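Commentary on secondary and tertiary structure
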Amino acid sequence: MSERYKKPLPRIGEVNRPYWEAARRHELLLQKCQECGHYRYPPGETCPFCLSDRLEWVKTNGRGTVYTWTVFHQVYHPAFEKNIPYAVVAVELDEGPKLLTNLVNCKIEAINIGMPVEVVFDDVTEEMTLPQFRPVSQRS
Amino acid sequence: MNLKDKCAIAGLGYTIQGKIPGRSGMSFYLEATRNAIDDSGLNIRDIDGIIIQPCPTDRSVTAFTLAEELGISLRFGADQQLQGASACAIIQHAVMAVDAGLCNYCLCAFADTSRSAPQDVVYQMAWGTSAAYGMFGVAAHYALIARRYMHEYGITNEQFGKIAVTSRKHASLNPIAQMRNPITIDDYHNSRWIVEPLHLLDCCLVSDGGRALIVTSAERARSLQRPPVYIMGMGQGHPFEDPMRRSKLTVTGAVESGKTAFAMAGIIPKDVDVCAIYDSFTFVVPMQLEDLGFCGRGEGGPFVEEGRIALGNEIPTNTSGGLLSEVYIQGWVGLHEAVRQLRGDCGERQVPGAEISLVTSSGGVLSTHATLILRR
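Since this is a predicted model, take the numbers as computed values, not measurements. (Residues numbered from 1 in each chain as written. Chains lettered and ligands numbered in written order. Predicted model: local features only at pLDDT ≥ 70, side-chain atom pairs only at ≥ 80, totals over all residues.)

Further remarks concern the overall build of chain B. Check the secondary structure of chain B and you find 12 helices and 11 strands. For a compact globule of 376 residues, the expected C-alpha radius of gyration is about 21 Å, and chain B comes in at 19 Å, within 12% of that figure. With the C-alpha coordinates aligned to their principal axes, the bounding extent of chain B is approximately 55 × 45 × 40 Å. Within chain B, buried positions represent 58% of all 376 residues. (Helix = DSSP H or I, 4+ residues; strand = E, 2+ residues; numbered from the N terminus. Rg over C-alpha atoms; globule rule 2.2 N^0.38 Å. Buried ≥ 20, exposed ≤ 12 C-beta atoms within 10 Å, placed from the backbone.)

With respect to topology, three strands assemble into an open sheet ordered E2-E1-E3 (chain A), the strand pairing being antiparallel. Bordering the open sheet on either side are strand E2 (39-40) and strand E3 (55-59) of chain A, each of which pairs with just one other strand. (Pairing = 2+ DSSP bridges.)

So, on to the environment of B:Glu314. Residue and element names in this part refer to chain B. Summarising the element assignment, glutamate 314 is placed in the loop between helix H10 (300-305) and helix H11 (322-325). Residue class for glutamate 314 comes out partly exposed when judged on the 14 C-beta atoms lying within 10 Å of it. Linking glutamate 314 and cysteine 55, residues 259 residues apart in sequence, is a C-alpha distance of 36 Å.

Attention now goes to the pairing of strand E7 (residues 116-123) of chain A. A regular strand places its side chains so that they alternate between the two faces of the sheet. Residue and element names in this part refer to chain A. Where strand E4 (residues 63-72) and E7 come together, three bridges link them in antiparallel fashion. Note on E7: the bridge partner recorded for threonine 65 is proline 116. As consecutive antiparallel partners, E7 and strand E8 (residues 129-135) are separated by five residues.

Further remarks concern the environment of B:Glu31. All names here are of chain B. With respect to the secondary-structure elements, glutamate 31 resides in helix H1 (residues 25-40). Distance from glutamate 31 to threonine 15, taken between C-alpha atoms, is 6.1 Å for residues 16 residues apart in sequence. Leave out the neighbours within four places in its chain, and glutamate 31 touches Thr15 and Gly210. (Contact = placed C-beta atoms within 7 Å.)

Residue and element names in this part refer to chain B. An order of E3-E2-E4-E7-E1-E8-E11-E10-E9 is seen for the nine strands of this open sheet, with the pairing classed as mixed. Sheet topology places strand E3 (76-79) and strand E9 (274-276) at the edges, where each strand pairs with a single neighbour. Averaged over all neighbouring strand pairs, the angle between strand axes comes to 25°, with direction disregarded. Two elements, strand E2 (residues 49-52) and E3, share four bridges in a ladder whose sense is parallel. Across the sheet, isoleucine 51 pairs through a bridge with alanine 78, a residue of E3. (Axes fitted to C-alpha atoms, helices over the stretch in contact; angles between N-to-C directions.)

With 150 residues, the main nonpolar core has B:Ala94, B:Cys106, B:Cys108, B:Ile214, B:Val215, B:Ile231 and B:Leu374 as its most contacted residues. Excluding its chain neighbours within four sequence positions, the residues that come into contact with B:Ala94 are B:Gly49, B:Ile51, B:Cys106, B:Cys108 and B:Val215. (Core = buried A, V, L, I, M, F, W, Y, C linked by C-beta atoms within 7 Å.)

Our focus in this paragraph is the packing of helix H8 (residues 254-265) of chain B against helix H9 (residues 284-292) of chain B. Residues and elements named next belong to chain B. At a minimum axis separation of 8 Å, H8 and H9 run at an interaxial angle of 45°. Between H8 and H9, the interaxial angle falls into the category oblique. Read as a crossing pair, H8 and H9 show a hand that is right-handed. Seen from H8, the contacting residues are Ala254, Val255 and Gly258; seen from H9, they are Gln288, Asp291 and Leu292. Considering only residue class, the contact of H8 with H9 consists of three nonpolar, two polar and one charged. (Parallel < 35°, antiparallel > 145°, perpendicular 65-115°, else oblique. Left-handed = near helix turned anticlockwise from the far one by under 90°. Nonpolar A, V, L, I, M, F, W, Y, C, P; charged D, E, K, R; others polar.)

Residue and element names in this part refer to chain B. Compared with the 21 Å implied by 1.5 Å per residue over 15 residues, the 21 Å span of helix H5 (residues 157-171) between its first and last C-alpha is a close match. Most of H5 sits inside the fold, with 12 of its 15 residues counted as buried. Of all the residues in H5, the buried ones are Gln159, Phe160, Gly161, Lys162, Ile163, Ala164, Val165, Thr166, Ser167, Arg168, His170 and Ala171. (Expected span 1.5 Å × (residues − 1).)

In structure tokens form, the structure reads like this:
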């Protein structure tokens with residue numbers, strides 16, 4: 001499976017490693033400031049609200065809403081050619097941060113700003129799992 | 001301390017522009033510089049300061065390698081990278097340097113060969129984590145903002161299209177514009193999606209070419225051959241680099257940069273005769289017009305739809321055709337057009353009696369922003 005996966009994969013470094021290790025365990029984590037309670041994404045080394053370096057990885061509730069989205073009609077990378085047209089969605093998590101992702105089990109025409117979504121996990125290779133989102137009404 | 005009217009633009013340099021294969025970035029900086037010198041009536045030896053915006057396709061060009069090619073030594077030099085906002089920001093630094101006595105004649109320049117350079121060096125945003133989700137290119141980030149703008153204020157593709165049509169109409173009056181064939185609103189709707197909700201005709205051009213201009217003191221400018229264009233007001237505003245980290249997507253740095261520039265100039269939007277608003281994509285024009293106070297929050301869509309930014313109407317905007325239809329040499333396109341309008345050099349597209357012009361430039365994904373207010 002991993003030899004056949006041709007899409008780009010996230011580059012993992014010291015700062016974001018806990019996020020991707022958690023994804024492999026099917027958990028969505030964010031860094032939370034131990035001084036002021038601010039949640040940050042993407043991962044970093046200080047809190048941009050109070051400049052504390054006391055950040056701790058905590059589990060999120062995995063829920064949020066669609067903040068905005070776009071639909072790709074042009075091929076920017078050959079591995080996505082068969083997906084066109086596909087949507088990239090910005091999800092605003094309940095904890096505050098926004099992240100770019102895709103919606104699974106959701107037609108493009110059904111996407112709406114404000115729609116509630118929840119995380120699901122896509123094990124794309126043996127080493128890598130991508131957090132994705134789906135409409136909350138769709139229980140498997 | 002106020003820098004209002006202390007300095008002026010005394011020379012403008014253009015180059016051949018559009019799709020010009022086989023040229024280096026440096027050759028465009030040199031051509032633009034020669035033309036700015038000729039326009040001003042100065043001698044190249046008079047130039048004692050240079051600030052460049054780095055060439056996206058030729059990293060060998062710096063203020064100092066350019067000075068070397070020009071055969072001059074400098075008293076002041078800098079490379080400034082605010083991406084698309086560099087043009088208006090560089091003029092601000094030139095004004096401060098001249099006013100402080102660090103140099104007398106500051107050359108400001110930029111060149112790009114992105115139209116003809118290999119694709120792998122052209123406006124490719126570095127892949128972040130989001131590439132794993134199929135997120136590529138600059139336009140997609142703008143598309144996310146455009147969608148949110150539609151959602152919050154009800155602006156429509158029809159209104160985006162009106163901007164594209166207006167800009168093209170202006171370009172049809174500009175002999176050096178890259179795209180001069182008029183388009184209709186149907187052409188807009190029929191142009192292919194790039195990243196929804198952005199059509200091809202929502203997106204700026206990609207071009208080869210260069211621009212240069214010379215900033216000096218108001219007093220020195222008055223003794224030169226071209227009418228001085230005075231720098232009345234200037235400001236900057238820089239929201240977070242990554243749009244996803246901003247609390248609101250539908251305001252730009254123009255709020256802050258405009259407020260600072262208007263305060264320095266001591267005028268209000270009603271006093272402005274002609275605008276050059278950075279138009280990397282159609283929809284960022286009404287967004288900045290709202291931010292600058294030319295219309296109220298959320299009124300930008302109807303404002304452009306009613307044609308109020310067209311030549312002959314309330315506030316003619318992007319009279320050269322802008323980045324959408326004249327050429328894409330980043331913020332320098334609007335800046336040069338503003339100076340031309342105030343000199344009365346715009347021919348068929350001249351705004352009669354134009355005395356005050358407002359220019360913006362914006363970089364990244366509405367990440368950096370600079371405003372200038374100019375007068376004749």
